[in-house]
Structure formats: structure tokens, C-alpha cells
Amino acid sequence: MIKNYFKVALRNFWRHKLFTLINVIGLSIGISAALVIYLIVHYDFTFDKFHKDSDRIFRVVSDFKFQGNMSHSYGVTTPMAAGIKNNVTGVEIIAPLYTLGADVTVSGKHNEPVKLKGQDHITLADQNYFRIIHYTWLAGSSTTALNNPYQVVLTADRAKVYFPSLTYEQMLGKTVTYDTLKTTVSGIVEPIKENTDFACHDFISFSSAVPKTKLGNDLQLDHWGSTNSASELFIKLYPKVSAANVQAQVNAMYKKKNPQSKDDLKTGSSQSYTIQPLSDIHFDQTYGTFDFSGPASETRSYLLLAVAGFLLLLGCINFINLTTAQATQRAKEIGIRKTLGSNRKQLILQFLSETFIITLFAVIISIALAPVVLKLFSDFIAAGVKVDYLHQPDIFLFLFGLIVVVSVLSGFYPALLLSGYKPVLVLKNQAQSGSSKTRNAWLRKSLTVSQFVIAQFFIMATLLVSKQVYYALHKDLGFKKDAIVYADTPYKTRKASTNRVMADKLRALPGVEMVSVGYPPPSSNSTNSTNSNYKDGKKEIITSVELKFGDENYIKLYHIKILAGRNIMPSDTGSGLVINEKYAKVLGFKTPADAVGKMLGGLNGEKSMRVVGVMADFYTHSLQSPISPVLILAAGDKDSWQNGDIHIALKPETAGGGEWVKTMAAMAKIWKEFYPDDEANYQFYDKSIAQFYDQEKHTSALLTWATGLSILISCLGLLGLAIYTTGQRTKEIGVRKVLGASVPQIVKLLSTELVLLILLAFVIVTPLAVWAMNKWMDNYADKTSISWWIFAASGAGMLLTAFITSSFQTIKAAIANPVKSLRSE
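A few points on the structure. Per chain, residue numbering runs from 1 following the sequence as it is written. In view of the model being predicted, local features appear only for residues whose pLDDT reaches at least 70, and side-chain atom pairs are presented and counted only at 80 or more, with totals across whole chains, interfaces and linings using the full set of residues. Each side-chain value is worked out from all heavy atoms of the structure, with water and hydrogens disregarded.

### Notes on a nonpolar patch on the surface
On the surface, a nonpolar cluster with roughly 330 Å² of combined accessible area is contributed by Phe-310, Leu-313, Val-405 and Leu-409. Under the DSSP-based scheme used, a helix requires at least four consecutive residues in state H or I and a strand at least two consecutive residues in state E, with every element numbered from the N terminus. For the nonpolar patch, the secondary-structure elements that each account for two or more residues are α10 (298-325) and α13 (393-419). Within the patch definition used here, like charges are joined within 9 Å and nonpolar side chains (Val, Leu, Ile, Met, Phe, Trp, Tyr) within 5 Å, considering only residues with over 30% relative accessible area and no salt bridge. Method for areas: the Shrake-Rupley scheme with a 1.4 Å probe, in which residue coverage is limited to the protein chains shown. Think of a salt bridge as a Lys or Arg side-chain nitrogen and an Asp or Glu carboxyl oxygen that are within 4 Å of each other.

And the structure:
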């Protein structure tokens, strides 16, 4: 029986080769997209799901409130771990971490020191970390490895970098130096093989941060008022303990340890803590992740799932449309089968088996395409996403489920329709009644409209996202960003005097127009804020303000406009500053000139400073953040942090080009004179600004591909329907031509219905697209407009594409010789 099903199915495929090819291509595109998206989404959704008792593991994170504005950090005050241990009940394990960036020194083959510069993923930890996050121990013991100061546990891959010729047991007792901190290797663990955000590979005993040492002072072990993102805290609760109860205890304890100051009460400032589940961390956009790659986007994952669903749906719609359109061609086969004794169940199984075979062909093609597609999208797919059919059995479970779902979704209705034919009517060439034909026609039209709705939605979304990215990259941000290079000098070895001498050398280069020393650039990912106060005689206005530091060239180099007063000068160090127009308005001044000469307190310790100028507003972050109060202070002569960045304006390149390459090479040589142990990290500033919108660019690329594939699948289905329709109306077209109809009239007759369906889809999709676009644009403080041409271009583009696709067949039918179609009559 089953063998017969497959034999009949293959014969039918061969008889209708073109329609079978269209179905296979449509489904293979949808299934390929679904498979690749499954790999991407499965990768993100499986992060840190493998830990024992993961539902009882939490991260303690910080929430800050100032004048009604909220900010967040995954860091906590360093004494929080001890505070929870001594004051909070219900917590089984407390594991503090403190991440470091350090130069690592180990002994080489002949005991000569080998230095690895600027290593990351190094952390202070204690044995409790290994009680929460489980590792396989290759040498040493989890219970004793970090009990004493100056011990370190390494992951196996890191240990092999430090000691490539030693066994794991031989590595125990070896010395590893982090900057000036000497440690002894006390354990080797196997790296976590599952998907995880716990990426550290060097674990130094937390007790190494001895009070009154440099490391102990950096950690501020007894300072409850300081929060550092390097200081993290994980806890594991006892079974059945309420996380909300523990959170309430933590906040009550913190208020006792660090009560609000008078200034905090005045401004409504406060700090509180949240107990965040481990399962929330990977996608967390509020607090961020401790992995340097940043949090994954849950929104993007769901967008990808929606794209996969829509593309699969388009392929299924094609199958349903083409199968129901060809129903009458198989009517006699069905009538004869029923006459010979086949029942409806057998016929349904026959038609479902045909759908199954086509879906299986599509899946085989998709398996071959998946690695190619992953390589095409490698620029914005995580490096850990890969396809390994031998070691990822879940892929085959997913594909099996996909085959079943697609086979049923695509084949069930056509199978019901075809198996429902009555043999008496079929053998009289009356396979379908008038009402049945109308019902099937309406179904095909509805499904076709659905295809055009999906395709047009993708077109509209792609156009808007691309427009917003273009707007962000080309908007006047309030400062110059082109032909500017900046470098962040090494924070461990930089000195203000060194950077200023280096700036003088850079100024002497023929390709350099201007150089400034300061920190940071006008717009960046870093934020340095403080509270500033102003007394207007009646009341005190306390405001959170963002700080930037620069010399007298900083404002001139970035072409920031001075609206009133003057630029900062070297003599303003510690006494004068420039504020932006936004800050002047917050302080209550009607014009920028009114703010000049006024005194601001709370800066530079308790000393008040004079406003010497007011500058035009500029964006300090991406367009998702509104313009905020900003002030620029003169960088101190001896402050290495305030002089941390070197900003260089290059002279314009000539038509032949090449000057910038030479200038950059000369700049790299100067860098090596002052920082010989570090690689030059000059960056073009416009490229740094563009990186703010990497996620939007990835979304735009994704939507562009989704749009192209949805249009391709829709047009394939449309071509199949056009071929079928013109074939069914061959004689009608011949009669009309004999009676005098022209080719344009025939094409119009065959295309009118298509145009109406696209227009109906346009009417349906437009309000949906407007709503979705407005929701997405709410993420931006400054955004482009949702222009009418986005919708016009989408509708016109879809109409033109569909018309061109169908016209290949309609024009062919219209110009055919009517004698050929009528000679059998």
C-alpha cells in the first residue's frame, strides 16, 4: 500500500514537473530559513540552562534613581557579599566576583619571563563560585583551590597558553603574575562546553585583595557608597525560598549600611537592588551581561522566529494554491479509485504522502544549504552558531517536526478537497459544483492576498529601518565626526605629561590639522556623570550632568559651536567650564548669555566653578538617548584620566588620495615612541559613531533578505497560478482573439484580478505596518519620519514585481495563435 502511494506520487510529480519544482523551491527556501533561524535562536535560548538548580541561582544587580530618572548596573558595592552573609536569611551560597584587566607574566622555556599584554576574562573569586557554577576538575580540588590568598585556578585552554609543555599536574605550584600580583596555580578546570556567559578563564582567590594594598584599595572593600560594574555578586537560594523576600532583606540591609544623605533626599536620589534570575541574564538589556560581547537581543530572536514562520507560511500557501488549482486535473483519477473501492481515508493518506515527499525533498536541499547560509550571515551571527549534524541530534528532531508540521499544514486541506469528490459527478466531468468552485477560488484568493500582505509588510519594514539608519548616520549630531581620529591611551601607563608631549609631536605631522587632549569624545559609549548644584537666590537646583574634559582645542577640533561666552582655556583648570544649551535651560536661563558668569557647585570636590561659555547641544550617545545636560571642563595638567584620549583632525585628502595612509603610519611610529609595549589603537571617529547602529544595520540586512525571499516565494506561486489560469482559459482567449480582442486587452483581462488582490493586500497591511513602525520608532528619542513614500513604494514595487512575473505567461497566452487553441472544437 505505502509503496503504491509513493509510486503514484512520483508519477504525479513527473507529470507536473514545473508545479512540483515551484513547490519544492518555495518550501526549501522556507525550511532553509527556518533551519538557520532555529540554529541561531536555539544557540541563544540554551545559554546557562544546564546548571544544576539553575532556578535557584540569581545575580544581585543595582538600580539608581535620580530626579525621577532610572539607571542600572550589573555591578554592586564590594561589601555587599559580606553584608548578605551576615544579615540576610534564605541564601545558601554567596559568590562575589571582581573582574580585572591585567598584563599576565609567566615563565618561558628557559625561565625567561613571557608577558601577555592586556588580558581579559580574569576575575577574583572564591571557592563558592565553583559551588554555584560547576566545572570538571583536571587538577587540584574545588574545596581548597582558592582558600588562601595569591592562588589561581585556570581553565585548561588558558593553562596550555601559559604552560604549553607541562601536564596539568605539573602546572600546580607554578607562578602566574597579574600586573604585580604574584599567584600560584592551585587548580585546573575544564572549560564549560555548553553555551554560557561565564567566560572567565583565570580565577584568582578573592582573599588576595588584602586591605590597604593597591588591589584592596581598588576594590573598596568597606565602601558601601561606591558601585563598580567590575564587582559582581551571584547567590544561590535554599529550596522554596522566595526571591522577593530575599530582595526585600537585601534592600533593608543596604539602607541600614548606607542611609540616604541630605542631598539624596533633596533630589530624590536612591539606590536599590534587584535579585535577577540566572535565566534572564543572557537577554538582559537593562543591566547588561558580564560577557564582553554584551547581551543578546531577545527581540531579534523573536523577530527571526517570525520571519521563519512567515517564510514557511508562504511556501505552504504556494503548495495549497497550486494543488487546489490543479484539483480538477486529478478528478478522474480520484473517481476511478473510489469506484474501484478506495475509501476517503486511503485517498487522504495518498495526497498527504505526496506532500510528505515534496517536503522531504525540500528538507534535503535545506540541509545542504544551511552551512552556506550561515557563512553568508557570519558577520552578524554569533561565532558559536554552527551546524554540526553529527553532534547536534536536536537538529534532526527539529527537522522531523518541521516535516510533519509542513506536510499537514500544506497537504491537509488539499487532501480533504480532493478526497471529497463524488465518483458519479467526476466521471460525468462535473467534479465540482458551482458553490464548491467559488469556495475554492475564494480560498486561493485569500491565501494570495495573505502572501502579498506578508511581502509588503517586509518591504515597508525594510524601507523604514534603512531610512532610520541613514538618518542616524547622516544627521548633524552637533559636532564634526569626519576626518577625525582618536586614540584611548593605555590606562595603566599613561601620564598627562606624556600624552601632551605626544600631542605636540602629532601636531608637527604635515597631514595633521589639529590635535587635542581630553576625555572622552563628544559621543561615546562611556558615561561620566556627577551631581551639580546652582543657587539662583531662591532655591537650589541639583542636576545630574555629564562631564567631559578637554584642552583649548577640544571644542574647536570637533566644531562645537559656542553660543555665548568663550571657549575653555588652560587657565580655567579647576575654575571654569563650558555648559551646553540644554543645561542652561534646565537651570532656568532664558538665553545662553544669561548663564555666562554664573557659579556651579558640587564639581571638583566642593569648589564652585564659573560658567565661561555656553555651547550648542550635541548628542553624547546614540539617537536612542535624548540630549542631556553636559559640561566640558579644562583637563588638568597632571590628571592622566582627564588627558586619556588624543583627538586628531586630519587635513583633507587630495583627489589622488594616499595622504591619510601616510599620516596614519607616521602616527603609529609616534605612538611606539611613547607606548612601545602597546599596539596603536587609532580609530576613525565616524566609524565609531556608526557602530552605535550595528544592531539596526543587522536588522535591516535581515529584513532585506526576508523581503527578497518572501517576494521570490510569492512570485513563484504567482507564476504557477498564472500558468495554470492561462492554461484553463486557453480556449476563451482564442475565442476573444477571433472576435477582435487585442493583446493589451487580453493581458488586462488576465491581470485585473491580480491588481485587485495586491491593492486589497495593500489596504490591509498599511495600518498594520504603521502601528508596528510606530512601536519600533518609540525606541528612539530622535527619529526619522514615517514618510508616505514608504507605503507608495511598497505597493507600487509589489504591483510591478507581480505584474512582471505574471506577464511572462499572460503575454505568451495573449500572442498565441488562436487557431491552435480552437482547432479541436
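Don't stop here, the text continues.
### Observations concerning helix α8 (residues 243-257)
To estimate the expected span of a helix, count its residues, drop one, and scale the result by 1.5 Å. Spanning 15 residues, α8 covers 21 Å between terminal C-alpha atoms, matching the ideal 21 Å at 1.5 Å per step. Buried within α8 are the following residues: Val-246, Gln-249, Val-250, Asn-251, Met-253 and Tyr-254. Accessibility here uses a 1.4 Å probe with only protein chains present; expressed as a share of the type maximum, an area under 20% marks a residue as buried, one over 50% as exposed, and anything in between as partly exposed.

### Regarding the pairing of strand β20 (residues 630-634)
With 5 of its 5 residues buried, β20 lies for the most part within the structure. Here β20 shows a buried face lined by Val-630, Ile-632 and Ala-634 and a second buried face lined by Leu-631 and Leu-633. A pair of strands is considered paired only if DSSP assigns at least 2 bridges between the two. Two strands pair when backbone bridges link them, and strand β15 (residues 540-550) and β20 are joined in this way by 5 bridges, in the parallel orientation. For Gly-550, the partnering residue across the bridge sits in β20 and is Ala-634. Both strand β17 (residues 576-580) and β20 contribute to a ladder of 3 bridges, which runs antiparallel. Following the sheet pairing, Val-578 is matched in β20 by Ile-632.

### Quick look at the pattern of salt bridges
Tallied over the full model, the rule gives 17 salt bridges. For Arg-56, the salt bridge identified is with Asp-53, shortest N-O distance 2.9 Å. A relative accessible area of 15% means that Arg-56 is categorised as buried. Of the charged contacts in the structure, one is a salt bridge between Asp-284 and Arg-59, with a shortest N-O distance of 3.9 Å.

### What about the packing of helix α16 (residues 496-507) against helix α20 (residues 659-674)?
In this description, a line fitted to the C-alpha atoms serves as the axis of each element, helices being fitted only across the stretch in contact, and the angle between N-to-C directions of two axes falls anywhere from 0 to 180 degrees. Two elements in contact, α16 and α20, have axes whose closest approach is 10 Å; the angle formed by their N-to-C orientations is 155°. Looking at the two axes, α16 sits roughly antiparallel to α20. The way α16 lies across α20 gives a crossing that is right-handed. Each of Thr-498, Val-501, Met-502, Lys-505 and Leu-506 in α16 lies in contact with α20, whose residues at this interface are Met-667, Ile-670, Trp-671, Glu-673 and Phe-674. Each residue belonging to the contact of α16 with α20 can be placed in one class, and the counts come to 7 nonpolar, 1 polar and 2 charged. An angle below 35 degrees is treated as roughly parallel, one above 145 as roughly antiparallel, one from 65 to 115 as roughly perpendicular, and anything else as oblique. Each helix crossing is assigned a hand: it is left-handed if the near helix lies turned anticlockwise from the far helix by less than a right angle, otherwise right-handed if that turn is clockwise. Contacts: residue pairs with any heavy atoms within 4.5 Å of one another. In the scheme used here, Gly and all other residues not listed as nonpolar or charged are polar, with Ala, Val, Leu, Ile, Met, Phe, Trp, Tyr, Cys and Pro taken as nonpolar and Asp, Glu, Lys and Arg as charged.

### So, the packing of aromatic side chains
Here is the rule: rings of Phe, Tyr and Trp (six-membered ring for Trp) pair when centre to centre is within 6.5 Å. Planes less than 30 degrees apart are stacked, more than 60 are edge-to-face, and the remainder are tilted. Per the stated rule, a full pass over the model turns up 28 aromatic pairs. Each member of the aromatic cluster is reached from another via a ring pair, and the members are Tyr-129, Phe-130, Tyr-135, Trp-137, Phe-198, Phe-203 and Phe-234.

### Remarks on α16
Between the first and last C-alpha of α16 there are 17 Å, a value that for 12 residues agrees with the 16 Å anticipated at 1.5 Å per step. Residues Ala-496, Thr-498, Asn-499, Met-502, Ala-503 and Leu-506 constitute the buried set of α16. Each buried residue of α16 sits inside an arc of 155° when the element is viewed along its axis, so together they form one side. Where α16 is buried, its residues meet β13 (512-519), β21 (645-650) and α20. Think of the arc as the fan of directions from the helix axis to the C-beta atoms.

### Here we look at the environment of Lys-737
When you line up the elements, Lys-737 lands in helix α23 (residues 730-738). Measuring from C-alpha to C-alpha, the distance between Lys-737 and Ala-814 comes to 8.2 Å, with 77 residues separating the pair along the chain. What Lys-737 contacts, discounting residues up to four positions off in sequence, is Ile-746, Ala-814, Ile-815, Ala-816 and Pro-818.

### Thoughts on the pairing of strand β14 (residues 529-535)
When β14 meets β15, the two strands line up antiparallel, connected through 7 bridges. The residue bridging Ser-529 from the neighbouring strand is Glu-546, located in β15.

### Some thoughts on the side chain of Asp-126
Looking at the secondary structure, you find Asp-126 in the loop between β4 (113-125) and α4 (129-132). Charge convention: Lys and Arg are scored as positive, Asp and Glu as negative, and His as well as the terminal groups of each chain are ignored. Buried and unpaired, Asp-126 has no salt bridge, with Lys-85 as the nearest side chain of opposite charge at 7.7 Å. Other than its neighbours up to four places away in sequence, Asp-126 contacts Ile-94, Ala-95, Pro-96, Leu-146 and Phe-206.

### Quick look at the environment of Ala-761
For Ala-761, the location among the structural elements is in helix α24 (residues 743-777). A residue is classified by how much of its surface remains accessible, and Ala-761, at 0% relative accessible area, is buried. In this structure, the C-alpha to C-alpha distance between Ala-761 and Gln-451, residues 310 residues apart in sequence, is 8.4 Å.

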